[in-house]
Each structure stands twice: as C-alpha cells, then as structure tokens.
Amino acid sequence: EGAIIAFSGVNGPFDIIPGTGYTNISNVSSYTASTISTVTQNSAVIMFGASFYYSNSVSGWTTTNPGNLAELYDVFFENGTSVYGIGRGAAFALKSATGTTGNGSATLTASAPNGAILIALRPGPILGVTGTIDHGTSCIGIPASQITYTITNTGSAASGVTVTSDNPQFVVSNLSSTTMAAND
C-alpha cells in the first residue's frame, strides 16, 4: 500500500530548504518534526511521518503556525507476520504569513520507532485582470473609447507574462513589463 499526493498552483519545488531527513527517530507514540521557516505568504505546510509498526494510526496533526493540519493520508503496510510493517501519513495546511511553523506533532496509537519532517510548497502566481468596459459608441464614424485594464499579481513572482486575445479588436499595447513581483 502507499499514497500519492499532488498539489497544483505550486511555484518551484519548495518554499524552504527541507531538513536533511526525518527527525525524532525514536520509539514513542507521537511524531515530532522540527520547525521550518517559510519565505512566501500562503505556502502549503506539509508534515510527513512514518512508523515501524504495522497497525499504527495517526491523529491530531498540528503545528504552532498554521495550527491544525488536515490529514491527507494515513496508511500502513503489514509484512505478513502481523508484527512489523511500516505506517505512514501526511497532513497539511496553508500558512498565510511568512515565518516559523513551530514543531509539528501528531499522535500515534502505539509506541514505535518513527520519524517526521515538515516541508513547505511555494504558491504560484495568481494573476487577476481588472478594469472598466466602455463599449464605445454605436454611431457610425465615431470611434470607440479606449479600454484600460490592470493586471495584478496576488501570488508569488511571475515572469514571462503574455497578454493575448482571441478578439481581433482587442489590441495589447504599452505593456510596461513581463515580470511581476509577488503581491504586485
């Protein structure tokens, strides 16, 4: 058994430099992951844990900030002897502000050698278009008014921004930049 998780809207592999491996490798009834620091607003904080016991379930996933984590999966693998196997799980939450998460923790149903790690995924750009529409005039020989739109970015930095239209009457001009800073 196993699990696969996928996130969309992610910019780059990680928002932080992940630790060198699982932490708290010990025989206890909880996962504990060392704190990480995010550098981008609205990062997805994900905690992974694994235990060396065939029927361990996990509950109460949490960090100091963003707080409670929503469980993504909690699966175990029995090796056929009903004694040893590997249990694993993951949980996540969005962290609205940058900064430290505090240690991550979760409760196991039984003591077992285990380890856990926290990572964070950086959100991709979120571009929005605003403006007013003036449909111009319906009188022959009188030109339509100019329409101005503003493109804003409420996510992480974006580059290579291209503005296109399938309407031949919509012409893009005076594009001042193809790069947008985060939250610009």
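Keep in mind that what you see is a predicted model, and the values were worked out from it rather than measured. (Residues numbered from 1 in each chain as written. Predicted model: local features only at pLDDT ≥ 70, side-chain atom pairs only at ≥ 80, totals over all residues. Heavy atoms only, no water.)

### Comments concerning the overall build of the chain
At step 1: Helix and strand counts for the chain come out as zero helices and twelve strands.
At step 2: Element order for the chain, N to C, with α for helix and β for strand: β-β-β-β-β-β-β-β-β-β-β-β.
At step 3: Counting across all 184 residues of the chain, residues that qualify as buried make up 29%.
At step 4: Expressed as a percentage of contacts within the chain between residues at least 6 apart in sequence, the contacts between residues at least 24 apart total 74%.
At step 5: By element, 55% of the accessible surface of the chain is carried by carbon and sulfur atoms, the whole surface being about 10,900 Å². (Helix = DSSP H or I, 4+ residues; strand = E, 2+ residues; numbered from the N terminus. Buried < 20%, exposed > 50% of the residue type's maximum accessible area, 1.4 Å probe, protein only. Contact = heavy atoms within 4.5 Å. Areas by Shrake-Rupley, 256 points an atom, 1.4 Å probe, with all protein chains shown as cover.)

### Looking at the environment of Gly-87
At step 1: Counting through the fold element by element, Gly-87 comes out in strand β6 (residues 85-95).
At step 2: A C-alpha to C-alpha distance of 9.5 Å links Gly-87 and Gly-2, two positions 85 residues apart in sequence.
At step 3: The contacts of Gly-87, once residues within four sequence positions are left out, are Tyr-31, Gly-49, Ala-50, Ser-51, Tyr-53, Val-75 and Phe-76.

### Some details on the packing of aromatic side chains
The geometry of two aromatic rings is summed up by the distance between their centres and the angle between their planes.
At step 1: Going through the model one piece at a time under the given rule, you end up with two aromatic pairs.
At step 2: Pairing Tyr-31 with Trp-61 gives two aromatic rings, centres 5.8 Å apart and planes at 45°, and the pair type is tilted. A residue pair is termed long-range when its members are at least 10 positions apart, and Tyr-31 in strand β1 (residues 23-33) and Trp-61 in strand β4 (residues 58-62) qualify at 30 residues.
At step 3: Classification of Tyr-31 as buried rests on a relative accessible area of 0%. (Phe/Tyr/Trp six-rings, centres within 6.5 Å; stacked < 30°, edge-to-face > 60°.)

### Some points on the nonpolar core
At step 1: Ranked by internal contacts, the top residues of the largest apolar core, which has 15 residues, are Tyr-31, Met-47, Val-58, Trp-61, Leu-69, Ala-106 and Leu-118.
At step 2: Listing elements by their share of this core, those giving two or more residues are β1, β3 (43-51), β4, β6 and β8 (104-121).
At step 3: Excluding residues within four positions of it along the chain, Leu-118 makes contact with Ala-33, Ser-34, Thr-35, Ile-36, Val-45, Ile-46, Met-47, Thr-63, Thr-101, Gly-102, Asn-103 and Gly-104.
At step 4: Within the second largest apolar cluster, nine residues are counted, among which are Ile-46, Tyr-73, Ala-90 and Ile-119. (Core = buried A, V, L, I, M, F, W, Y, C linked by side-chain atoms within 4.5 Å.)

### Overview of the pairing of β3
At step 1: Most of β3 is tucked away: eight of the nine residues are buried.
At step 2: In the sheet, β3 pairs with β8 via eight bridges, with the strands oriented antiparallel. Bridging across to β8, Ala-50 finds its partner in Gly-115. (Pairing = 2+ DSSP bridges.)

### Considerations on the environment of Tyr-53
At step 1: With respect to the helices and strands, Tyr-53 occurs in the loop between β3 and β4.
At step 2: Residue classification places Tyr-53 among the partly exposed positions, given a relative accessible area of 27%.
At step 3: A C-alpha to C-alpha distance of 6.2 Å links Tyr-53 and Gly-87, two positions 34 residues apart in sequence.

### Looking at the confidence of the model for the chain
At step 1: Looking at the chain as a whole, its pLDDT mean stands at 76, while 58% of the residues score no less than 70.
At step 2: When mean pLDDT is compared element by element in the chain, β4 scores highest at 94, while strand β9 (residues 127-131) scores lowest at 63. (pLDDT = per-residue confidence, 0-100.)

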